[in-house]
Amino acid sequence: MRTGSAVDASIDRYLTSFERGALPEEVCGPRVKGLSERARALRDRREELAAEQAEASIVAPAPEELAGLRAEVEAAMAAGSPAQVKALLHALVHEVRVDDDKTVQPVFKLPAGTGTTAMEAVRAPSRLVGLAGIEPATSALSGLCRETR
């Protein structure tokens, strides 16, 4: 997707070519019109996003809230079932950035609002995968191995 400045630069190139006589109006006109509409739409969207950002009241959690959340996460990691720990991490980790083979940076998201504990904001997954997973059980393969000998 082109940014507004890239679209404006394209319009300038078309107009310069038209002014030099390199492009006839019937070729240049529709393309410049389309680019102008795209630039206008991008500017409008940028204004919408700026207004939404100005209206958003994102407040960083207080140190006390972070300490409470940290304590809840530590307790859940120490005493929770594997399913609860997985659900908790799934709820709190937004993305994992791998910079190189030695640098991995998790990006966390925090539950919104006050009065909601980390464990209340997280529920265990409803379906668990069996121990066999996707692959067939080993006993099914052992018969095949004997037959091929």
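A few points on the structure. (Residues numbered from 1 in each chain as written. Predicted model: local features only at pLDDT ≥ 70, side-chain atom pairs only at ≥ 80, totals over all residues. Heavy atoms only, no water.)

1. Here we look at the nonpolar core
Nonpolar side chains tend to gather and get buried jointly when the protein is soluble and globular. Rule in force here: Joining through side-chain atoms within 4.5 Å is the link that ties buried Ala, Val, Leu, Ile, Met, Phe, Trp, Tyr and Cys residues into a set, and such a set is a nonpolar core. When accessible area is computed with a 1.4 Å probe and restricted to protein chains, residues below 20% of their type maximum are described as buried, those above 50% as exposed, and intermediate ones as partly exposed. Counting from the N terminus, the helices are DSSP H or I runs at least four residues long and the strands are E runs at least two residues long. Throughout, a contact is declared for two residues whenever any of their heavy atoms are within 4.5 Å.
Judged by nonpolar contacts, Val 7, Ile 11, Cys 28, Val 32, Leu 35, Ala 39 and Leu 42 together constitute the single largest core of seven residues. When residues of this core are traced back to their parent elements, those giving at least two are α1 (4-20) and α2 (25-55). The greatest single-element share of this core, amounting to five residues, is contributed by α2. Every residue in contact with Cys 28, bar those within four places of it in the chain, is listed here: Tyr 14, Phe 18 and Leu 23. In this structure, Leu 69, Val 73, Leu 88 and Leu 92 belong to the second largest nonpolar core, which totals five residues.

2. Details of the pattern of salt bridges
Short version of the rule: Counted as salt bridges are all cases of a side-chain nitrogen of Lys or Arg within 4 Å of a carboxyl oxygen of Asp or Glu.
Enumeration according to the criterion identifies three salt bridges in this entry. The residue Asp 8 makes a salt bridge to Arg 43 at a minimum N-O spacing of 3.6 Å. One end of the pair, Asp 8, is in helix α1; the other, Arg 43, is in helix α2, with 35 residues separating them in the sequence. Given the relative accessible area of 35%, Arg 43 is considered partly exposed. In this structure, the salt-bridge partner of Glu 48 is Arg 45, at a minimum N-O distance of 3.1 Å. Taken together, the positions of Glu 48 and Arg 45, both in helix α2 and three residues apart, correspond to about one turn of that helix. Residue Glu 48 is classed as partly exposed on the basis of its relative accessible area of 43%. Judged by its relative accessible area of 39%, Arg 45 is partly exposed.

3. Here's the deal with helix α4 (residues 82-92)
Along α4, the residues that are buried comprise Ala 83, Val 85, Ala 87, Leu 88 and Leu 92. On its buried side, α4 packs onto α3 (63-79), β1 (93-100) and β2 (103-108).

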